[in-house]
Each structure stands twice: as structure tokens, then as C-alpha cells.
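# Close look at the chain arrangement
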Amino acid sequence: MSSPLAAAPKPSKLSKPDWLASPRVFRTEVLAGLVVALALIPEAISFSIIAGVDPAVGLFASFTMAVVISVVGGRKAMISAATGAIALVIAPLNREYGLGYLIAAVILGGLMQIALGALGVAKLMRFIPRSVMVGFVNSLAILIFMAQVPEMENVPWVVYPLIAGGLLMMVFFPKLTTVVPAPLVSIVVLTVITIGAGLAVPTVGDKGELPSSLPVPGLPDVPFTLDTLTTIAPYAFAFALVGLMESLMTAKLVDDITDTPSNKTRESVGQGVANIVTGFFGGMGGCAMIGQTMINVKVSGARTRLSTFLAGAFLMVLCVVFGPVVSDIPMAALVAVMIMVSVATFDWHSVQPKTLKRMPLGETTVMVVTVAVVVATHNLAIGVIVGSVTAMIVFARRVAHMAEVTGVVDPDGTQVVYAVTGELFFASSNDLVQQFDYKDDPDDVVIDLSAAHIWDASSVAALDAIETKYAQRGKKVTIVGLNEPSADMHGKLAGQLTSH
């Protein structure tokens with residue numbers, strides 16, 4: 001007889017974190033986090049300037065966003081930090097009311113993101129068509145490149161060879177080894193050359209003073225009144241929507257690149273949690289950063305949460321401990337990295353002549369509209385919304401012409417049967433009424449909907465109008481062949497949509 005101890009189940013071992021799968025994976029994640037942190041510093045400072053706040057506010061936001069989202073987010077390896085889109089939303093509030101109101105709006109926006117995430121806003125991603133996604137990616141690549149243009153204007157001539165050298169290193173170094181990310185090699189080499197040769201070129205330190213201490217938590221300096229709430233609520237809601245849209249779009253892009261799924265609802269709630277924490281630490285808030293995410297995932301090959309966490313941790317270490325060294329990094333090195341990201345992000349296949357020739361005109365139009373709006377407004381969220389609306393209009397126009405009506409009169413001339421095929425909704429049903437011969441048809445009219453489907457009240461109203469027109473001429477209409485959902489909708493709404 002076996003002893004009870006022998007029969008007892010063994011305690012299950014905790015699974016090893018994916019970033020400890022192998023030394024190579026761990027090394028990749030650590031180095032990717034370092035590269036992203038270096039690239040984050042000038043961007044965070046630039047976004048702080050856009051928002052009208054001290055550079056430390058943007059750097060603190062990038063630190064807390066990355067660290068918190070690495071734990072609570074739903075998409076591994078995605079980088080969240082202070083962004084230009086968020087800066088544009090909250091800049092007017094800071095300009096008119098001050099930093100305290102901005103921080104309060106960030107916290108309220110985070111609460112709204114948690115609520116929207118819990119309500120399932122992430123499920124709306126299924127309604128964003130592929131053509132909008134391609135436009136999103138291409139416009140993003142264009143914006144990343146455009147953001148580098150000011151760094152190449154009115155600068156010493158030596159900046160251009162440095163940028164070219166950085167690009168060449170990132171193209172050819174991976175052919176020698178992939179042990180160390182090429183962007184990190186490029187940044188280190190160009191920094192050494194600049195300092196060693198004493199070249200007078202723009203540096204990270206020229207962007208603004210780096211913080212010398214860690215952020216401390218605190219409450220926003222605002223009166224806790226209803227007036228304050230009504231002042232910050234519109235900005236907080238815009239903040240929540242823009243942040244979620246950019247984050248969910250970026251998460252979907254990373255899903256496609258890595259061929260792995262992510263939890264969009266968790267990501268939505270996680271963005272809210274990260275922004276609340278960021279607000280209490282005096283940060284300007286943020287969301288997913290597609291440019292830094294592409295550095296992390298596509299250029300450096302990171303795949304786990306460790307790279308995201310370390311991007312935030314290294315950011316603070318670099319600022320607080322190695323501030324003087326980081327300040328000497330030439331902007332040319334970071335510009336080269338971002339240009340490389342821009343080229344890698346753009347979907348070149350989508351603009352090849354053979355692709356454009358095969359693609360339906362409507363799909364190409366949606367992509368072009370999305371790119372044009374994003375580039376014109378510098379706002380990815382607006383571009384996605386306009387692109388999605390354009391796609392809906394294109395789809396509605398296409399489907400509207402798919403509803404056809406064919407009529408067959410009996411040999412004895414006493415009955416006509418109209419066969420309706422296709423989808424009946426507001427766009428197609430408008431033309432439906434005009435496709436019947438009310439004057440010359442016999443007195444018995446049958447409308448066969450076996451090959452059709454009723455989607456909305458507009459279609460029921462159109463059928464009512466057809467029956468009314470025949471009734472005015474003393475003719476009887478019989479509708480047959482309705483499937484169950486169509487019959488249910490027709491039964492509830494027929495004759496109820498007009499007052500007479």
C-alpha cells in the first residue's frame with residue numbers, strides 16, 4: 001500500500017520568465033532597453049517643450065510610463081512614454097491654467113482609460129480595416145522622418161557625414177554580428193568620434209537640462225472643486241481617447257511584426273494605471289510610442305517585458321547618474337537611428353506599382369487619405385478616424401450596388417414575382433424603391449427576399465413605401481422568403497415607421 005505522502009501531488013514550479021529563456025534573449029532585452037532609453041531622452045525633452053513644461057516633466061513621464069506598463073500592460077516589448085500626440089492635447093490646458101491642472105488631467109484621463117478599457121473599447125479595433133492600418137504605418141514612418149528634419153537644418157556641415165556614417169554602421173554592422181544592437185554601436189562610435197575630435201555639433205545637452213534626482217510622488221496643486229473637474233474633463237477625455245487609440249494601434253502593429261497576440265483590454269486598463277501613477281509622480285502622461293517600439297522590436301529584436309522595464313529604468317540612471325556623459329551624445333547619432341527606424345517602418349510593398357495596380361481603387365484611396373490627414377495634422381488618432389470613416393463610405397458605396405431586383409411575370413399575366421438579391425441597408429434600400437414597375441405590373445405582386453437580408457430600419461421603410469405605392473393603385477403585395485433575423489426586424493417595424 002502506498003503511503004499518503006507518496007500519493008500527494010508535487011508542488012508546481014513557477015515558470016521561468018521568458019526573458020530568462022537563454023543568455024542570448026537576456027542580452028538582447030538589456031541592450032534593446034539601453035538603446036531605447038538613449039533615444040527616449042531627446043524625444044521626451046522635445047515633447048516637454050511642445051507641452052510647455054520643464055524637460056524633467058517629460059523625462060519623469062517616460063520613466064514611470066515605461067516601468068509601470070511593463071508590469072500591467074497587455075503587449076510585451078511595446079514602449080510607452082511621453083509622446084507628441086499627448087503633448088499636443090494637454091498643451092493648451094497647461095498654457096491657460098498651469099502645470100497643476102495638467103497633472104490633474106493626466107490622472108483623470110488615466111481613470112477614464114481604465115473605464116473605457118473595462119467597457120471593452122479595445123474590441124473596436126476590429127473595425128479598423130487593413131488599408132487604414134497600412135496608412136497608419138506609412139504616415140508614422142513619414143512623421144518620424146519629418147521630426148528629424150529640424151535636426152538637420154542650420155547645423156555644421158560635419159553633422160551630415162556623422163549621420164551618413166551612423167546609417168552605414170546600422171546597415172552593415174549586423175552583417176558582422178548581431179550580438180550588440182547596431183543602433184547602440186552607432187551611438188557609441190559617433191559619440192567617441194565627436195568627443196575625441198572635439199567637434200562642435202548639437203548634442204543631447206542642448207535640448208535641455210537633465211534631472212539630477214528621482215521623481216517624488218505628490219498630489220496635483222489644484223483646488224479639488226467641481227469647477228476644476230469641469231475645466232480638466234474635456235482635456236482628460238481627449239487625452240484618454242488619443243492615448244488609447246495610439247496604444248491599441250501600436251499593439252496591433254507589434255502583434256503583426258512578432259506574430260504573437262496581445263491582450264488589448266489589459267493594455268487599455270494598463271495605460272490608465274500607468275498614467276495615474278505618472279500623474280502622481282508629476283509626469284505629463286503618455287501612451288505607446290511607435291517609433292521607440294520599432295527600435296525595440298524591429299531594430300533591436302526585443303520580445304519581452306524586460307526591455308520595456310529597462311528602457312524606463314535606464315532612462316533615469318542615464319539622466320541622474322550619467323547625465324554629463326549623455327549630454328555629450330551628438331544629436332546626429334540619434335537622428336541616424338530614427339531615420340533607420342523610419343525606413344524600416346514604412347511599408348514599401350504597399351506603394352510598389354504592381355501592388356497599386358492590383359489593389360482596388362477604394363483601398364488605395366483609404367490608405368492615401370489616412371496618410372494625408374496624419375501628415376497634415378501630425379495627429380495619428382485623427383488620421384485613423386478619418387481613414388476609418390472613408391473606408392466605411394467606400395464599403396457602403398460598393399455594397400449599395402450589390403442589391404439587384406429582377407422581375408418575372410406569369411404567362412397568364414396575373415402575377416409578377418420580383419427576386420431581390422443582396423444586402424439591404426440604408427445605402428442600397430434608397431435605390432430599391434425605384435426598381436419596380438408600379439403602373440404596368442399586374443394586381444398580384446410577390447417580392448421574394450430569399451437571397452436578400454434586411455439589416456436596418458431604412459430597408460423596412462423602403463419595403464413599406466413599395467407596398468404603399470402598389471396599394472395606391474389597388475394592387476396587393478406579398479413578401480416571401482425572409483430569413484429569421486430579417487423576418488423578425490420586418491415584423492417589428494413594418495407599418496410603424498411613418499405617422500400615416
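Structure's up top.
Residues numbered from 1 in each chain as written. Predicted model: local features only at pLDDT ≥ 70, side-chain atom pairs only at ≥ 80, totals over all residues. Heavy atoms only, no water.

### Some details on the packing of aromatic side chains
- Under the defined criterion, the tally for this structure stands at seven aromatic pairs.
- Aromatic pair Phe 346 and Trp 348: ring centres 4.5 Å apart, planes at 45 degrees, arrangement tilted.
- Taking the centre distance of 6.2 Å and the plane angle of 35 degrees together, the rings of Phe 436 and Tyr 438 count as tilted. For the pair formed by Phe 436 and Tyr 438, the shared burial category is buried.
- Members of the aromatic cluster, joined through ring pairs, are Tyr 418, Phe 436, Tyr 438 and Tyr 470.
- Above the ring of Tyr 438, the side-chain terminus of Lys 469 is found at 5.8 Å from the ring centroid. (Phe/Tyr/Trp six-rings, centres within 6.5 Å; stacked < 30°, edge-to-face > 60°. Buried < 20%, exposed > 50% of the residue type's maximum accessible area, 1.4 Å probe, protein only. Lys NZ or Arg CZ within 6 Å of the ring centre and 35° of its normal.)

### Some details on the nonpolar core
- Within the largest apolar cluster, 95 residues are counted, with the highest numbers of intra-cluster contacts made by Ile 41, Leu 59, Phe 136, Ile 163, Met 284, Ile 295 and Leu 315.
- A total of 12 residues in this core trace back to one element, the largest contributor, which is helix H2 (residues 23–51).
- Within the second largest apolar cluster, 21 residues are counted, among which are Val 405, Leu 432, Leu 463 and Tyr 470. (Core = buried A, V, L, I, M, F, W, Y, C linked by side-chain atoms within 4.5 Å. Helix = DSSP H or I, 4+ residues; strand = E, 2+ residues; numbered from the N terminus.)

### Focus on the layout of surface pockets
- In this structure, the largest pocket occupies an estimated 780 Å³ of space.
- Surrounding the largest pocket, 31 residues form its lining, Glu 43, Phe 47, Gly 84, Leu 143 and Ala 147 being those nearest its centre.
- Counted as a void, the second largest pocket has a volume near 360 Å³.
- Around the second largest pocket, the lining is made up of 14 residues, and of these Val 121, Leu 124, Ile 128, Met 245 and Ile 385 lie nearest the centre.
- Breaking the lining of the second largest pocket down by element, the ones donating at least two residues are helix H9 (226–258) and helix H17 (380–400).
- Residue composition of the lining of the second largest pocket, grouped by class: 13 nonpolar, one polar and no charged. (1 Å grid on protein atoms, 1.4 Å probe; cavity = no way out; pocket = protein on both sides within 12 Å on 5 of 7 lines; lining within 4 Å. Points joined across faces, edges and corners; volume = space filled by probe spheres on them. Nonpolar A, V, L, I, M, F, W, Y, C, P; charged D, E, K, R; others polar.)

### A look at unusual backbone geometry
- Its identity is not glycine, yet Asn 154 carries a phi of approximately 55 degrees, on the positive side.
- Non-glycine residue Asp 259 carries a positive phi angle of around 55 degrees.
- As for its position among the elements, Asp 259 is in the loop between H9 and helix H10 (264–280).

### So, the pattern of salt bridges
- Inspection of the entire model under this criterion finds five salt bridges.
- Notably, a salt bridge pairs Asp 18 with Lys 76, separated by 2.9 Å at the nearest N-O pair. With Asp 18 in the loop between helix H1 (4–7) and H2 and Lys 76 in the loop between helix H3 (55–72) and strand S1 (80–81), the pair connects residues that are 58 residues apart, well separated along the chain.
- A relative accessible area of 34% places Lys 76 in the partly exposed class.
- For the salt bridge of Asp 255 with Arg 75, the shortest nitrogen-to-oxygen distance reads 2.6 Å. On the criterion of sequence distance, the pair formed by Asp 255 in helix H9 and Arg 75 in the loop between H3 and S1 is long-range, its members being 180 residues apart. (Salt bridge = Lys/Arg side-chain N within 4 Å of Asp/Glu carboxyl O.)

None of this, on its own, says anything about what the molecule does.
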